[in-house]
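The residues making up each chain are set out below.
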Amino acid sequence: MSTPLLELRDVYRSFEKDRVTIPVLQDINLAVHENEILCIVGESGCGKTTTGKIIAGLNDPSSGSVLIRGRERATFTKEEQSKLRREFQIVHQDPFASLNPAHTIEQILSFPLKRHKLVSDRASLRRRIWELLTLVDLTPPGDIVNKYPHQLSGGQRQRVSIARALTVQPRLIVADEAVSMVDVSIRVGILKMLHQLRAEFGMSIVFITHDLALAKYFAWEGRIAVMYLGRIVEIGRTPDVIGNPAHPYTRALLAAVPEADPDITRRKQPMRLRSDDIPKLTAIPRGCAFHPRCPFFVPGTCDHDVPTLAPSAEHPQEFACTPLQQEGSLQPYAT
Amino acid sequence: MNLFATVASPTGLALGVVVGIVPLVLSAYYRQWRAGLLGALACIMAGFGCGLIGGLPMMVVACAVVISYAYVNRQDPFTSRAALSEVSFEETRREAFMRWMANLGTNVRAGLNALMRNKSGFIGFCGIMFFVIVTVFGPLFIEYEGRARLDRRQPGARSLLAGPSSEHPLGLDWQGRDVLSHMVYGGQRLILTSLAAGLFATILAVVLGSAAALLGRYVDSLITTIANFILTIPSFPLLLVIASIIKFDDSFALALLFAALNWPVLMRAVRAQVLSLRERDYVEAAIALDLGLWHIISREVFPNMISYIAVNYIFTVRVAMYSIVGLVFLGLVPLVEPDWGVMIFMGRQQGVLANPLAAGMLLSPVVAIALFQLSLVLFTRSLEEVFNPRLRSGL
């Protein structure tokens, strides 16, 4: 296989708070290839945003390495790094906070174009701004350019924020919960647009979400990584992960997704977890972090060893569940 | 050398008239008489008040406003509803210049509209303009009476205090001089010194506050410690002590001393603002777009603080004015006439604080200072609307 565009190797990231070290990410191994869609799914606080920021180059791992096309990011010279930075863009969750309220849309889009001399003169600057706004379906562009962010709707702002990321022609866009604060009725439109842009420019997209249904829709041709308490618990092609989930946590998530058909949703059996409390990051359970909640808990195994990611005969995707890897099936835990 | 001297001379007037002709001619060309006349007036005032420094920018702004009126219905392809395939953004240099001017004019007009939308803010603005106009133009019409009519040391001398009369609308002071002339000439120094003191304090606060917030670590703790140290000292008594030791001939030095003692409060506020603003998503986006530190400070963080800084600048000017008047009243600054503060000081010195005939001499500067302060406070209401695009667009 070709060298991935970006690879995280054994990434560990911790934050200090009140002299307590909080491990936010542990043993993250992840690769994003050219023109690929990777979805990172997990509940809030599981480290998916931090992973996204490390991918976008806005945060550095405490240990481990980030490889860009096979070369470690830290070894790039300063000039190369600033160029590199432009290849990785981020689209934030909150469209109300991600655009500076003091600038018009024209200004917001022209700053990067001017700064990096991506346009030669004023006429081409204006043409480029129109092109970008047309690309993100904000038409007619003439109605938008002179507006301030507060005069646009949430969906329109999110499109502007995507257009801003596109100004520097990135190779990868991290969409951090990019549609979770947008009205449900226009979510699909924005997702479709992201798909088209990926096809047109050959970019990769790292799509971070807490909504498995969205991930399923968006990344059907790509891969999904499920995160729990700072670790990846399952990663593989989307149809494999969604169609035949291996890790108990993924199963629980899937069982909780409501379907559009109310009959199916009513007949669905939600998985009974042993506990609804998510452990704190300051006190991550020993062994598999999911074991206090896991209905398939195996004493002595799950609470002892940290499981490693590996595929099995039935599951082509990689997952981190020792009993399933060893036995090939899971037995409900009897109290 | 008085750094704050204004031109306020026939030369300035001539200069104002000359630069005022440009917007007038332009308005004749575009048939926008009203804007042109107001623009010419503004040019004359600015040229008269601040010479070339005021006249030339005012000319550009006035021309821009005239052009913006003329261009109001002209369609710019950039804001048209046409499709991308059917528009052309090519334009000659002249067209680009005119569009730039029209844009500037539109922004100036939006700012002025915002200024006028808030009633109390507009009253404050008018109050400030009143004092500025009286201070700048008054000397043209009223002669300064600096010499006493009667030397008190001569035998047979008596107080020459007098109440208002038709000849002297504000009465005469204890030396028999016209109070009105002192009012007209006496504000300039006080107002300019206060404005400068506020400016220095604000610049110090913004620079140190931003540095503390952005550089963090040792710089932050050093600046914050110094600020806390200065905050614990009551600044006005310290100002008194320093002023009684050092002789402040120069209002520039006085303004600097005031700034040195009064930056900490605003510095802490600026630091807190920058700390909060730098964590915003749009700053992170600017980092990802590699727009550079200077861009982030000047274009992402600063525009969101400007209304806050402007309002605080006005409040600092207010405090500075009271402090300076206080120093003068206590006689701790070399007394230079004409000055509103000195008028009050003289009243105290001569023991006429309770003399009804001294009402004109004492109340005039007190009322003027109080009204100027009130105007400043009211004006801050409008500043918020001028600098905040959300309020400016009237949404």
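Residues numbered from 1 in each chain as written. Chains lettered and ligands numbered in written order. Predicted model: local features only at pLDDT ≥ 70, side-chain atom pairs only at ≥ 80, totals over all residues.

K.L.:
I keep staring at the overall build of chain B and nothing clicks. Help me out?
P.N.:
Helix and strand content of chain B: 14 helices and 0 strands. For chain B, the N- to C-terminal ordering of α and β elements is α-α-α-α-α-α-α-α-α-α-α-α-α-α. The principal-axis extent of the C-alpha atoms belonging to chain B is close to 95 × 60 × 35 Å. Within chain B, buried positions represent 40% of all 395 residues. Long-range contacts, defined as pairs at least 24 residues apart, comprise 72% of the intrachain contacts of chain B with a sequence gap of at least 6. (Helix = DSSP H or I, 4+ residues; strand = E, 2+ residues; numbered from the N terminus. Buried ≥ 20, exposed ≤ 12 C-beta atoms within 10 Å, placed from the backbone. Contact = placed C-beta atoms within 7 Å.)

K.L.:
Teacher, can you tell me more about the interface of chain B and chain A here?
P.N.:
Bring the parts together and some accessible area is lost; that lost area is often taken as the interface size. On the side of chain A, 35 residues touch chain B, which itself brings 30 residues to the contact. Counting residues per element, the side of chain B that touches chain A draws most heavily on helix H9 (residues 281-288) of chain B, at 6 residues. Taken together, the residues of the side of chain B that touches chain A sort by class into 14 nonpolar, 6 polar and 10 charged. (Nonpolar A, V, L, I, M, F, W, Y, C, P; charged D, E, K, R; others polar.)

K.L.:
Could you clarify how one ought to interpret the environment of Cys63 of chain B in this entry?
P.N.:
Residues and elements named next belong to chain B. The residue Cys63 is located in helix H2 (residues 33-70) in this model. Exposure remark for Cys63: the 24 C-beta atoms within 10 Å place this residue in the buried category. Between the C-alpha atoms of Cys63 and Leu26, which are 37 residues apart in sequence, the distance is 7.0 Å. Excluding residues within four positions of it along the chain, Cys63 makes contact with Val22, Pro23, Leu26 and Met101.

K.L.:
How should I be thinking about helix H11 (residues 306-329) of chain B in this particular structure?
P.N.:
Two residues of an α-helix separated by three or four positions point the same way, owing to the 3.6 residues in each turn. Given a rise of 1.5 Å per residue, 24 residues ought to cover 34 Å, and the 34 Å separating the end C-alpha atoms of H11 of chain B matches this to within 8%. Positive phi shows up at Gly331 of chain B, right after H11 of chain B, with a value of about 75°. (Expected span 1.5 Å × (residues − 1).)

K.L.:
Where do I start with the domain arrangement of chain B in this structure?
P.N.:
Taken domain by domain, chain B holds domain 1 (7-73 + 93-117) and domain 2 (137-151 + 158-392). Split into classes, the residues belonging to the side of domain 1 of chain B that touches domain 2 of chain B amount to 4 nonpolar, 1 polar and 1 charged. (Domains from an automatic or database assignment.)

K.L.:
Explanation requested: unusual backbone geometry in the structure shown.
P.N.:
Peptide bonds are trans in most cases, and residues, glycine excluded, mostly fall at negative phi. Residues and elements named next belong to chain A. Between Thr139 and Pro140 the backbone carries a cis peptide bond, its omega angle lying at -5°. Its location among the elements puts Pro140 in the loop between helix H4 (122-135) and helix H5 (154-166). Even without being glycine, Asp27 reaches a positive phi, approximately 45°. Relative to the elements of secondary structure, Asp27 occurs in strand E2 (residues 20-32). With a phi close to 60°, Asn35 is a non-glycine residue in the positive phi region. Residue position: Asn35 is located in the loop between E2 and strand E3 (37-41). Of the residues examined, Asn35 has 16 C-beta atoms within 10 Å and is grouped as partly exposed.

K.L.:
Got a minute to help me understand the sheet that holds strand E5 (residues 71-72) of chain A in this structure?
P.N.:
Whenever strands of a sheet pair, they do so through backbone hydrogen bonds, lying parallel or antiparallel. All names here are of chain A. Judged by pairing direction, the sheet is antiparallel, and its 4 strands sit side by side in the order E2-E1-E4-E5 without closing on themselves. Since the sheet does not close on itself, it has two edges, and those belong to E2 and E5, each with one partner. The strands touched by helix H1 (residues 48-56) are strand E1 (6-17), E2 and strand E4 (63-68); relative to E1, the strand with the most contacts, the crossing angle is about 120°. (Pairing = 2+ DSSP bridges. Axes fitted to C-alpha atoms, helices over the stretch in contact; angles between N-to-C directions.)

K.L.:
Would you mind going over the environment of Ser251 of chain B with me for this structure?
P.N.:
Residues and elements named next belong to chain B. Looking at where Ser251 falls in the secondary structure, it is placed in helix H8 (residues 251-277). We classify Ser251 as buried; it has 22 C-beta atoms within 10 Å. Along the chain, Ser251 and Leu161 lie 90 residues apart, while their C-alpha atoms are 30 Å from each other.

K.L.:
Just checking my understanding: could you explain the nonpolar core for this structure?
P.N.:
Inside soluble globular proteins, nonpolar side chains tend to come together where they are buried. Grouped together as the largest cluster of nonpolar side chains are 93 residues, with contacts concentrated most on Cys39, Val206, Phe207 and Ala225 of chain A. With residues near it in sequence (within four places) discarded, Ala225 of chain A still touches Leu30, Leu38, Cys39, Ile40, Ile232 and Ile235 of chain A. Counting residues in each nonpolar core, the second largest holds 66 residues, with Leu208, Leu239, Leu266 and Met267 of chain B among its members. (Core = buried A, V, L, I, M, F, W, Y, C linked by C-beta atoms within 7 Å.)

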